[in-house]
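If you want the building blocks of each chain, they are given just below.
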Amino acid sequence: MRELRVVRADPAGNITLFVLTPVEKAECAAVAAKLLAIEALKAEQVGFIFPNGHMEMEAGEFCGNATRAYGMYIAQQKGGLSSVRLRVSGCDHAVTAQVDLKSGTARAEMPCPRSVKRVTVNGHEGTLVDLTGIAHFVVEGVEPSEGFFRAAESIFSGIAGLDACGVIFLDAEKRSMIPLVKVIETGSLVWEGSCGSGTLASAIALSRGCDGDFSVALRQPAGTVYASVTRQAGAVTAASIGGSVALEAPITVAI
């Protein structure tokens, strides 16, 4: 039996556990699997906070919602900062998070896409967005299902260095989306309460043909996430996501 200090975070319903107790990087996936199996925690993903301040997701992927929540955690720990610089997995440079502790919101800088292209799966054309480490296929007019994810899964095979991939079932008219995300190392397929990188991918898809600044709020099964992108000559040159974040007091969990 092993005891871990854990903080449960709720960034727009995408329940994330932050493990404060030092864990070796090689153990992260196995420890995460045990934590995710504890039904009472109702968690969708796990991040590990290393002694040097680096936050590592369970499979080394980048996660926008976890980054926002980690930003709020650090802001609280450092006496209420409104802006923090973070080192997180899946991103080769420090990212900035803007935190408003009073309103309970946080916004995080997101990596710009490595590529964006139109792809057709089972007769449905959508947008494949490679965010480096995680990629999403954004599609409209498709009933959310694991079957469609399996049909789309092969389109991710040619993308180098993926830690996670997802299909985002988007309803542009209703400004809503349902994310289904797979962590490749563990093989887990999760209907997420909300997905930050999926929200960004949807904003990129919706801003196709735009130039300048584009912002959208997308309602998801457990909350709403806001995304903003800047396009110049068609290319995405800046991106961020924001929304609510709630942090619970640290608890001790035995695994």
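For the structure, check the block above.
Treat the numbers as computed from the prediction; the structure is a model and nothing was measured. (Residues numbered from 1 in each chain as written. Predicted model: local features only at pLDDT ≥ 70, side-chain atom pairs only at ≥ 80, totals over all residues. Heavy atoms only, no water.)

Caption draft 1: Fine view of the overall build of the chain. Counting its regular elements, the chain contains four helices and 17 strands. Here the C-alpha atoms of the chain give a radius of gyration of 17 Å, agreeing with the 18 Å that 2.2 N^0.38 yields for 255 residues. Its C-alpha atoms give the chain principal-axis dimensions of roughly 50 × 35 × 30 Å. Counting all 255 residues of the chain, 55% fall into the buried class. Residue pairs at least 24 apart in sequence account for 56% of intrachain contacts in the chain once pairs closer than 6 positions are excluded. The average position of the 22 basic charges and that of the 26 acidic charges among the side chains of the chain differ by 3 Å. (Helix = DSSP H or I, 4+ residues; strand = E, 2+ residues; numbered from the N terminus. Rg over C-alpha atoms; globule rule 2.2 N^0.38 Å. Buried < 20%, exposed > 50% of the residue type's maximum accessible area, 1.4 Å probe, protein only. Contact = heavy atoms within 4.5 Å. Lys, Arg positive; Asp, Glu negative; His and termini not counted. Charge placed at Lys NZ, Arg CZ, Asp CG, Glu CD.)

Caption draft 2: Here's a closer look at the nonpolar core. Phe18, Met55, Tyr70, Leu86, Val88, Leu200 and Val229 are the most contacted members of the largest nonpolar core, which has 52 residues in total. The biggest single contributor to this core is helix α2 (residues 64-77), with seven residues. (Core = buried A, V, L, I, M, F, W, Y, C linked by side-chain atoms within 4.5 Å.)

Caption draft 3: View of the side chain of Ser89. Along the chain, Ser89 falls in the loop between β5 (83-86) and β6 (95-100). What makes Ser89 buried here is its relative accessible area of 3%. Separated by 2.6 Å, the side chain of Ser89 and the backbone oxygen of Glu61 make a polar contact. Other than its neighbours up to four places away in sequence, Ser89 contacts His54, Met55, Glu56, Met57, Gly60, Glu61 and Phe62. (Polar contact = N/O pair within 3.5 Å; in protein donor to acceptor, adjacent residues only side chain to side chain.)

Caption draft 4: View of the pattern of salt bridges. Inspection of the entire model under this criterion finds eight salt bridges. Notably, a salt bridge pairs Glu125 with Arg118, separated by 3.5 Å at the nearest N-O pair. Residue class for Glu125 comes out partly exposed when judged on its relative accessible area of 45%. Glu153 is the partner of Arg150 in a salt bridge, and the nearest nitrogen-oxygen pair spans 3.5 Å. Under the relative-accessibility criterion, Arg150 is labelled partly exposed at 44%. Among the charged side chains, a salt-bridge network with shared partners connects Arg150, Glu153 and Lys182. (Salt bridge = Lys/Arg side-chain N within 4 Å of Asp/Glu carboxyl O.)

Caption draft 5: Up close: helix α1 (residues 28-36). By the burial criterion, the buried members of α1 are Cys28, Ala29, Val31, Ala32 and Leu35. Looking down the long axis of α1, one finds its buried residues gathered within 160 degrees of arc, a one-sided arrangement. Turning to α1, the residues buried within the fold contact β1 (3-11), β2 (16-19), β3 (45-49) and β17 (251-254). (Arc of directions from axis to C-beta.)

Caption draft 6: View of α2. The end-to-end C-alpha distance of α2 is 20 Å, a good match for the 20 Å that 14 residues give at a rise of 1.5 Å each. Among the 14 residues of α2, twelve are classified as buried, and the element is accordingly described as predominantly covered. Every buried residue belonging to α2 is among Gly64, Asn65, Ala66, Thr67, Arg68, Ala69, Tyr70, Gly71, Met72, Tyr73, Ile74 and Ala75, and all of these are buried. (Expected span 1.5 Å × (residues − 1).)

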